Amino acid sequence: SVEAEIPDAQKSAWKKHSASGFKNKEDFEAAAIRHIETTLARSLYNCDEGAAYGGTALAFRDRLIIDWNKTQQSHTFADQKRVYYLSLEFLMGRALDNAMLNVGLKDVARVEGLADLGFRMEDVIGIERDAALGNGGLGRLAACFLDSLASLDYPAWGYGLRYRYGIFKQEIINGYQVEVPDYWLDFNPWEFPRHDVTVDIQFYGNVRKYNDDNGRQVSVWENGEIVTANAYDVPIPGYNTPTTNNLRLWSSKAASGEFDFQKFNSGEYEQSVHDQMRAETISAVLYPNDNLDRGKELRLKQQYFWCAASLNDIVRRFKKSKKAWKEFPNQIAIQLNDTHPTLAIPELQRILVDNEGLDWDTAWSIVVNTFGYTNHTVMAEALEKWSVPLIQHLLPRHLEIIYEINLHFLQYVERTFPKDRDMLSRVSIVEESNPKMIRMAFLAIVGSHKVNGVAELHSDLIKTTIFKDFVKIYGQDKFTNVTNGITPRRWLHQANPKLSELIASKLGGYDFLKDLTLLHKIETYADDKQFRKAFQDIKFANKTRLANYIKETTGVKVNPAALFDIQVKRIHEYKRQQLNIFGVIHRYLALKAMSPEERKKMQPRVSIFGGKAAPGYWMAKCIIHLVNEVGRVVNNDPEIGDALKVIFIEDYNVSKCEIIAPASDISEHISTAGTEASGTSNMKFVLNGGLIIGTCDGANIEITREIGEDNIFLFGNLAEDVEDIRHQHTYEGVLIDDGLQKVFDAIHDGMFGHSDEFSALTNTVVNHDHWLTSADFEAYCKTHDAIDEAFKDQEAWLHKTILAVARMGFFTADRCIEEYAEMIWNVEPQKIKQNGA
Ligand code: T68
C-alpha cells in the first residue's frame, strides 16, 4: 500500500510537525494574527476590517485544509465508490460564516478572538464577497448538495468552472437595471491553486482513421488547438464532522507548448499574447441566462473544456487503482446537473474506445452505468440544442460518436417499435432541421441509467410530455423523482440564528440541523403562548434588520410592523413578477379610492421585489423598471403613508437572501402552473417562519401536502388546464380581467411615467397572455385580500407559521442526497476518524 512505501523517519517528522488546526481562543488569535502579519503584511496599526476578515478567513482555511487532507487521504485509502457532481454553476455565497458554523468554532472566534482584536463579527463577515458562480436555483441547489454530501460523510467531489467574472452585479439607475462586472477574485482565501494539476484540452482539428494490426478501425483526433485547464480546489466542510470534500474548479489558460514558443521566436510576440487571452476567455465569464438557451459557441467551448478536464481527472484517478475497466461504474457515479455537462457522455465513450481500446458495446455499458441526469425544466426555450455544423467544427470526433450513439439507439427503437413510424424522428438525438441540431436532453437520457426531475409534479410532467416516448422505450424505472431541498445549516442556523436557538432550546440541542424531521417536535408549541411570543419577537427583529437594510440602501423607511410581502428570484415572465406588480398597482388604486378612515383600517404592507434580469431579456428589464417607477410614485404619495410601500432590493444574491428570507410574512411563488420545476426559495421562506402565496406548481404542491392546506395560500389555474387556456387565447382572444384593465388604464394614463416604456408589458398580456396573467389575476388579488384578513389575527397567524416550520423536515437537502445515493448512485457514506485515516 501507499502507506507501507514511506520510510519511518519521514513519517515521524510529519507526525511531529503536522498542523492540527486551532481549537480554542488562544490558537485562533495566534493563527489570525500570524496571517495578518505574515500572509497579509499588516501590523497592529493598519489592521482594518478587511485585514481582520483576511486573518480570520485564513485561520479557518488552515483548519479546513487539515481536515481536507485527512478526508482525501482516507477516501483514497478506503477506495470505495465516489460521487462526482458536474455543475456549470455553484452559487456558494459567502464561505467564512459557513466554515465557522460547520467547524463549530464561531463562538470561539466571535466572543473571544475577534472581540480581543477589536472587531465585531458581523462587520468582519460582511466584508466577504459572494462567490456568485451561478444564476439562480440550479446553481444554489448544487451548493446546498455539496453541503449535504460533506455533512453526511459521502465521498464526493464537485466539478465546475472557475469564472473570473461571476453573475454581474446589478445596479438600479433611474429605475433601470445596469450590469456591472463582478470581478470577485481580487482576494479569495478559499481556493487552492493546484499548479501541478493541469489537463490539456483539444478543440477543432480533424479525425484520421486507420486500421491497427488486428484490422480494427482506429480514430485519431488530431491537429487541434490546445488549451490548458488548471485546477483550483475549494474545501467544502461538513457540519459537525471532519469530512471536508473538494470542489474542483477549472481555469483556462494557453497551453505552454512548442506552439507558442515557435511563434515567440519568429517574432510573433503579439500573436502569442493574443492566443493567451483567447484561451483565458473560455473561463472568463458565467453566461447570465437562466432558463434560456442561446447556443453561443463560447458556451459550447466552456462545456467541453470543463467536461473533458473533469473526466480526464476522474479517469486518471481510476487508472491509479489499477482496477479493470468494468469496475468503473462500481467506483464512480457522475451526476449531470442539467444538460450542460452532457458532452461528458461522448467524451467518456471517446476515452474508452479511442484511447483505451475498449470495444464500443463494453465502453457504452460503462458509460450508461456511470451517469445520471437531472432535468430542471420542461420549457422549450430552455432545452439545450447545439447545431451540428458547430459541433462538427469544434469537436469533430464527438460528433461522429454522437451519431453512432444515435444509430445504435434508433436501431434499438426500430426493433422494439417497428410499427410506430414517427417515433424515430421524434426521439432521434439529431433533429432533422436546417441546420440539424443535437438535442442534448435526449443524448443525456440515452447515455444515463437514471433520469430525475426535481419535484413530483415536474417529474410527472417530464414523463408525460417532453420525454413521453422515452418512457415507452426504456420503461418507467429509468425515470424517477428527487424533490429538491435546502441545507438547514445555511438557511436556518446561519441566516436565522435566533430561531435556530429557540428551536434548540425546546429540542434539547441542535440535532435537528442534521435530522430536520426532528422539527416536528415543535408542533406542540404552536399552542404555547410563550413560545409564540418568542417566535413573534424573532420575526419582528428579523423584519427590523431588513427594514434597516432597506433604509440604508434605498432611503425608504418601512414599518417593521407592516406585512412584509416578498418576491425575490430571477426576473422571468414565467415566474410572473408582472402579476405581482400589477396586483400592487391594483391595491394602490383601491387605496386611492378610499376615504382616509377606510384607508386606516387596511393592513399596512411592504411589497418587496428583488432579482436580476438577464442582460438581453427586454421584457424582464421592463418589469424591473415598472416596479421601480411604481415604488417612486407610491412611496412618495402622502395620502398613502405606511399603508403601502414598494421596494426593489438591488443586486439580490445569496448573502442578501440570508437577510431577506427570515424577514417575510408572505413570500410569492406564483409561476404559471407547470413551469417552475421545483423552486427552492419557497422552502427557505417557510422554514424561516413565513407563509406562501403560490400556484399549484413545483414543490409548492408538496409543501402544501407536508404543512397542511390551511397554512398556505394557493390560487390560480392548474397545470392541466394551462394548454387549453392558451389555445383559447389563440382562437378567441384574451379576456382581460376588469381589475387588470383598470391597472392597464392607469399605466396608459402615465401614472408611472411615460406609458410607452411599459407598452411591451401590457401588450403581451392583451395579445397572447402566454403566462396567464389575466386568467389568474382575480384569484390572485382575492387571495391577497384573504391574507390581509388572516394577518390581522396574529395569534392564528403565529399558529400557522409555527406548524409550517415544524412540518418542513422533508425539505432538507440531506434527504435529497440520501435519495440520490440510494436510487441513483449506489454509494455509502464513509466516516473520517477525528485523528486521521
Ligand atoms: C431552476 N433552474 C428551476 N436554471 O427553474 C427551479 N438554466 O424551478 C428549480 O428549483 C431549480 O432549478 C433547482 O432544481 C435554473 O435555475 C438556470 O439557472 C439555468 C442556467 C443556465 C441555463 C439554463
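Rules and cut-offs
Starting from 1, residues in each chain are numbered consecutively following that chain's sequence as written. Local features in this predicted model are restricted to residues of pLDDT 70 or higher, and side-chain atom pairs are both shown and tallied only at a pLDDT of 80 or more, whereas totals for entire chains, interfaces and linings draw on every residue. Side-chain metrics rest on all non-hydrogen atoms present in the structure, leaving aside hydrogens and water. Any residue with a non-hydrogen atom lying within 4 Å of a molecule or strand is treated as near it. A 3.5 Å cut-off defines polar contacts: any pair of N or O atoms within that distance qualifies, except that in protein one atom must be a possible hydrogen donor and the other a possible acceptor, and neighbouring residues in sequence count only when both atoms are side-chain atoms. Note that accessible areas follow from Shrake-Rupley with a 1.4 Å probe, and for residues the cover is restricted to the protein chains shown. Runs of H or I in DSSP of at least four residues are treated as helices and runs of E of at least two as strands, each being numbered from the N terminus. Every axis corresponds to a line fitted to the C-alpha atoms, with the helix fit spanning only the stretch in contact, and the corresponding angles, defined between N-to-C directions, vary from 0 to 180 degrees. An angle counts as roughly parallel when it lies under 35 degrees, as roughly antiparallel when it exceeds 145, as roughly perpendicular when it falls between 65 and 115, and as oblique in every other case. Definitions for this section: a left-handed crossing has its near helix turned counterclockwise from the far helix by less than a right angle. A right-handed crossing has that turn clockwise. The contact criterion used is simple: two residues touch if any of their non-hydrogen atoms lie within 4.5 Å. Residues are grouped as follows: Ala, Val, Leu, Ile, Met, Phe, Trp, Tyr, Cys and Pro are nonpolar; Asp, Glu, Lys and Arg are charged; every other residue, Gly included, is polar. A simple rule labels every residue: compare its accessible area, found with a 1.4 Å probe on the protein chains alone, to the largest value its type can have, and call it buried under 20%, exposed over 50%, or partly exposed in between. How far each domain reaches was decided by an automatic or database domain assignment. In short, buried area is how much 1.4 Å probe accessible area vanishes from two parts on joining, totalled over both. Here a salt bridge means any side-chain nitrogen of Lys or Arg lying within 4 Å of a carboxyl oxygen belonging to Asp or Glu. Side-chain rings of Phe, Tyr and Trp, where Trp is taken by its six-membered ring, are said to pair if the distance between their centres is within 6.5 Å; with planes under 30 degrees apart they count as stacked, over 60 as edge-to-face, and otherwise as tilted. A pair of strands is labelled paired if DSSP reports no fewer than 2 bridges between them. Any two cysteine sulfur atoms within 2.5 Å of one another count as a disulfide. Patches here: salt-bridge-free residues with over 30% relative accessible area, like charges joined within 9 Å, nonpolar side chains (Val, Leu, Ile, Met, Phe, Trp, Tyr) joined within 5 Å. Only buried residues count toward a nonpolar core, which is a set of Ala, Val, Leu, Ile, Met, Phe, Trp, Tyr and Cys residues joined through side-chain atoms within 4.5 Å.

Description of the site of the ligand
Working step 1: Near the ligand you find 18 residues, and of these L138, H376, N484, E676 and G679 are the closest.
Working step 2: Here H376 contributes a side-chain N or O atom positioned 2.7 Å from an oxygen atom of the ligand.
Working step 3: Within the contact set of the ligand, an oxygen atom lies 2.8 Å away from a side-chain nitrogen or oxygen of N484.
Working step 4: For the ligand, the protein covers 96% of the area, taking 510 Å² as the surface of the free molecule.
Working step 5: Considering every element that reaches the shell around the ligand, the biggest residue donor is helix α7 (residues 137–151), with 3 residues.

As for the packing of helix α21 (residues 497–507) against helix α22 (residues 529–554)
Helices that pack against each other are described as a pair by the angle of their axes relative to one another and the distance between those axes.
Working step 1: Contact geometry of α21 with α22 gives a least axis separation of 9 Å together with a crossing angle of 165°. Classified by the angle between their axes, α21 and α22 sit roughly antiparallel to one another. Between α21 and α22 lies a crossing of right-handed hand. In this structure, α21 contributes K498, L499, L502 and K506 to the contact, and α22 contributes F531, A534, F535 and I538.
Working step 2: Each residue belonging to the contact of α21 with α22 can be placed in one class, and the counts come to 6 nonpolar, no polar and 2 charged.

Some thoughts on the environment of V83
Working step 1: Note on placement: V83 falls in strand β1 (residues 82–86).
Working step 2: For V83, a relative accessible area of 1% corresponds to the buried category.
Working step 3: What V83 contacts, discounting residues up to four positions off in sequence, is P155, A156, W157, A333, W825 and V827.

Section: the domain arrangement of the chain
Working step 1: Partitioning the chain into domains gives domain 1 (19–78 + 95–128), domain 2 (80–93 + 131–377 + 446–482) and domain 3 (488–811).
Working step 2: Of note, the centres of domain 1 and domain 3, computed from C-alpha atoms alone, are 38 Å apart.
Working step 3: On the domain 3 side, the residues contacting the 4 residues of domain 1 number 4 residues.
Working step 4: The largest per-residue losses of area from domain 1 upon contact with domain 3 belong to D97, N98 and L101, which jointly make up 80% of the total buried on that side.
Working step 5: Joining domain 1 to domain 3, the criterion identifies 0 salt bridges.

A word on unusual backbone geometry
A negative phi holds for most residues other than glycine; trans holds for most peptide bonds.
Working step 1: The amide bond that connects N434 to the next residue, P435, takes the cis arrangement and shows omega of 0°.
Working step 2: Turning to its location among the elements, P435 is positioned in the loop between β15 (430–431) and β16 (437–439).
Working step 3: Phi angles above zero are rare outside glycine, and N174 is one such case at about 55°.
Working step 4: Among the structural elements, N174 can be located in the loop between β5 (169–173) and β6 (176–180).

Comments concerning the pattern of salt bridges
Working step 1: In this structure the tally under the stated criterion is 58 salt bridges.
Working step 2: E356 is paired through a salt bridge with K319; the nearest N and O atoms lie 2.6 Å apart. Of this pair, E356 sits in the loop between α12 (344–355) and α13 (360–370) while K319 sits in helix α10 (residues 297–320), placing them 37 residues apart in sequence.
Working step 3: Looking at E356, the relative accessible area reads 25%, which means it is partly exposed.
Working step 4: R350 is paired through a salt bridge with E347; the nearest N and O atoms lie 3.0 Å apart. With R350 and E347 both in helix α12 and 3 residues apart, this pair spans about one turn of that helix.

As for α13
Working step 1: By the burial criterion, the buried members of α13 are W360, A363, W364, I366, V367, V368 and T370.
Working step 2: Where α13 is buried, its residues contact α11 (328–331), β12 (332–337), α12, β13 (371–374), α15 (396–416) and α17 (440–446).
Working step 3: Two to three positions downstream of the cap, the backbone nitrogen of D361 sits 3.2 Å from a side-chain oxygen, assigning the N-cap of α13 to D359.

As for the packing of aromatic side chains
Working step 1: Tallied over the full model, the rule gives 28 aromatic pairs.
Working step 2: Aromatic pair F810 and F811: ring centres 5.1 Å apart, planes at 90°, arrangement edge-to-face.
Working step 3: On the basis of relative accessible area, F810 is assigned to the partly exposed category, the value being 22%.
Working step 4: Through a chain of ring-to-ring contacts, the aromatic side chains of F409, F442, F467, F470 and Y474 assemble into a single cluster.

Topic: the packing of helix α23 (residues 577–592) against helix α30 (residues 738–748)
Working step 1: Running from amino to carboxyl end, α23 crosses α30 at an angle of 85°, the nearest separation of the two axes being 9 Å. Taken as axis vectors, α23 and α30 run roughly perpendicular relative to one another. From α23, F582, I585, H586 and L589 reach across to α30, where they touch G739, L740, K742, V743, F744, A746 and I747.
Working step 2: Of the residues contributing to the contact of α23 with α30, the split by class is 8 nonpolar, 2 polar and 1 charged.

Structural notes on the sheet that holds strand β14 (residues 385–387)
Pairing between sheet strands relies on hydrogen bonds along the backbone, with the strands arranged either parallel or antiparallel.
Working step 1: The strand order across the open sheet formed by 3 strands is β14-β16-β15, and the pairing between neighbours is antiparallel. Looking along the sheet, the strands with just one partner apiece sit at the ends: β14 and β15.
Working step 2: Summarising the sheet, β15 and β16 pair through 2 bridges and their orientation is antiparallel. Note that in β16 the partner of E431 across the bridge is M437.

Focus: the state of the cysteines
Working step 1: Considering all chains together, one arrives at 0 disulfides under this definition.
Working step 2: No disulfide involves C144; its nearest neighbouring cysteine sulfur is the one of C816, lying 8.9 Å away.
Working step 3: Assessed through its relative accessible area of 2%, C144 is described here as buried.
Working step 4: Residue C696 stays outside any disulfide, its sulfur separated by 17 Å from that of C781, the closest cysteine.
Working step 5: On the basis of relative accessible area, C696 is assigned to the partly exposed category, the value being 22%.

Regarding a nonpolar patch on the surface
Working step 1: Together, Y269, V273 and M277 make up an exposed nonpolar region whose accessible area comes to about 310 Å².
Working step 2: By the element assignment, Y269 lies in helix α9 (residues 269–281).
Working step 3: Classification of Y269 as exposed rests on a relative accessible area of 51%.

With respect to the nonpolar core
Working step 1: Residues F203, W250, L546, F582, L626, F752 and W825 are the most contacted members of the largest nonpolar core, which totals 231 residues.
Working step 2: The greatest single-element share of this core, amounting to 11 residues, is contributed by α10.
Working step 3: Per-domain counts for this core show at least three residues from each of domain 2 (80–93 + 131–377 + 446–482) and domain 3 (488–811).
Working step 4: Leave out the neighbours within four places in its chain, and F582 touches L626, L740, V743, F744, I747, V765, T773 and F777.
Working step 5: Grouped together as the second largest cluster of nonpolar side chains are 23 residues, A99, M100, V103 and M121 included.

Structural notes on the environment of G238
Working step 1: The topology assignment puts G238 in the loop between β10 (225–237) and β11 (244–254).
Working step 2: Separated by 140 residues in sequence, G238 and N98 have C-alpha atoms that sit 9.6 Å apart.
Working step 3: In this structure G238 touches N102, A150, S151 and T243, once residues within four positions along its chain are discounted.

Some details on the sheet that holds strand β4 (residues 156–161)
Working step 1: Strands sit in the order β7-β10-β11-β4-β1-β12-β13-β17-β18 across an open sheet of 9 strands; the sheet is mixed. The sheet is open, and its two edges are formed by β7 (192–203) and β18 (479–481), each paired on a single side. Looking at each pair of strands side by side, their axes are set apart by 25° on average, direction ignored.
Working step 2: Across 4 bridges, the pairing between β1 and β4 is parallel. Within the sheet, the bridge partner assigned to Y85 lies in β4 and is G158.
Working step 3: Contacts from α9 reach β10 and β11 within the one sheet, and its direction differs from that of β11 by about 145°.

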